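Each chain, written out:
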Amino acid sequence: RYIRFHVDSISGAGGGIIEIEAYADLPSKTQPPTGTSNIALTQTSEITANYTLSDTYAASHVIDGSSKDTSPPNYWLLPDSTKGKITMKFNQIYSISFLRWKNTHNHTSNDRATKKFRLFTGDENGMTISHVGTTSFTSTPKWYTILLENPVNANKLRFKVDKYYSLGGGINEIEVYAPD
C-alpha cells in the first residue's frame, strides 16, 4: 500500500527524484477477477423464490445466461406490491468475492424494478448479510457489481428485494464468481 524512498547519499547540491512510476494488479470493480467463473450459471443445484408473479417469470430465469429483457420473459418478477427473495444453492462451498446482477424493467411495460436490496450468503447453518444496496429505475436496465472486500465461503446466496419501483421488483440476471 505504500512506497517509500530514502536518499542515502547526495551528489553536488542535493538529491532528488525526477519521476516515479508504480504499478499494481488491483481487482476490477466492474469485471470478474481473472481465474474465476460464474458458478450461478454452472454450479447452482437449486434456485427458489418465495414469491413469483407467475410461472412465466420464474426464478430460474435469473441464472439462464441471458440478460436481455425480452418477450417471452427471461427474468424474474415479484407479484404486485410484494417484497420477495431468491435463494440459490450451489453444489459445494465456494469462496465468493465478486457478483454482478442486472435489474429489470419488465420489458416494454417499464413498471417494475428493484430499488433496495440485501444480499445474504451462508450455508445450512445460517445466512448473514454480505451487502446492502440501492439502485434507481432506468428504462434501460444496467449491470450492478458487488465486490466483497472479504471473500465469503458459502454454498447459498439470497437476494432479497426490500423496495421496488412502481408495481413490484424483479431481477434479470445474477452472476456469482468463484475461483476456478
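Bear in mind the structure is a predicted one, so any value in this text is a computation, not a measurement. (Residues numbered from 1 in each chain as written. Predicted model: local features only at pLDDT ≥ 70, side-chain atom pairs only at ≥ 80, totals over all residues. Heavy atoms only, no water.)

A. Local environment of the side chain of Asn74. Looking at the secondary structure, you find Asn74 in the loop between strand E2 (44-49) and strand E3 (76-77). Setting aside chain neighbours within four positions, we find Asn74 in contact with His61, Asp64, Ser66, Lys68, Asp69 and Asn172. (Helix = DSSP H or I, 4+ residues; strand = E, 2+ residues; numbered from the N terminus. Contact = heavy atoms within 4.5 Å.)

B. Molecular detail of the pairing of strand E5 (residues 112-123). Pairing analysis gives ten bridges linking E5 to strand E7 (residues 143-166), with the strands arranged antiparallel. Within E7, the position partnered with Phe117 by the bridge is Val161. In this sheet, strand E6 (residues 126-134) lies alongside E5 in antiparallel orientation, the contact comprising eight bridges. Of the residues in E6, the one forming a bridge with Phe120 is Ile129. (Pairing = 2+ DSSP bridges.)

C. The arrangement of the environment of Ser130 in detail. Relative to the helices and strands, Ser130 is located in strand E6. Exposure remark for Ser130: the relative accessible area of 22% places this residue in the partly exposed category. Considering only alpha carbons, one finds Ser130 and Lys68, 62 residues apart in sequence, at a separation of 27 Å. The contacts of Ser130, once residues within four sequence positions are left out, are Leu119, Phe120, Thr121, Leu148 and Val152. (Buried < 20%, exposed > 50% of the residue type's maximum accessible area, 1.4 Å probe, protein only.)

D. The packing of aromatic side chains, seen in detail. Within this structure, the stated rule accounts for eight aromatic pairs. Centre to centre, the rings of Phe98 and Tyr177 are 5.8 Å apart; their planes meet at 65 degrees, and the pair counts as edge-to-face. With Phe98 in strand E4 (residues 84-102) and Tyr177 in strand E9 (residues 173-179), this residue pair connects regions lying 79 residues apart in the sequence. Taking relative accessible area as the criterion, Phe98 reaches 0% and is therefore assigned buried. Taking 3.9 Å as the distance between ring centres and 10 degrees as the angle between the ring planes, the aromatic pair formed by Phe137 and Tyr165 counts as stacked. Within this pair, whereas Phe137 is found in the loop between E6 and E7, its partner Tyr165 is found in strand E7, the two being separated by 28 residues in sequence. Members of the aromatic cluster, connected to one another through ring pairs, are Trp101, Phe117, Tyr144 and Phe159. (Phe/Tyr/Trp six-rings, centres within 6.5 Å; stacked < 30°, edge-to-face > 60°.)

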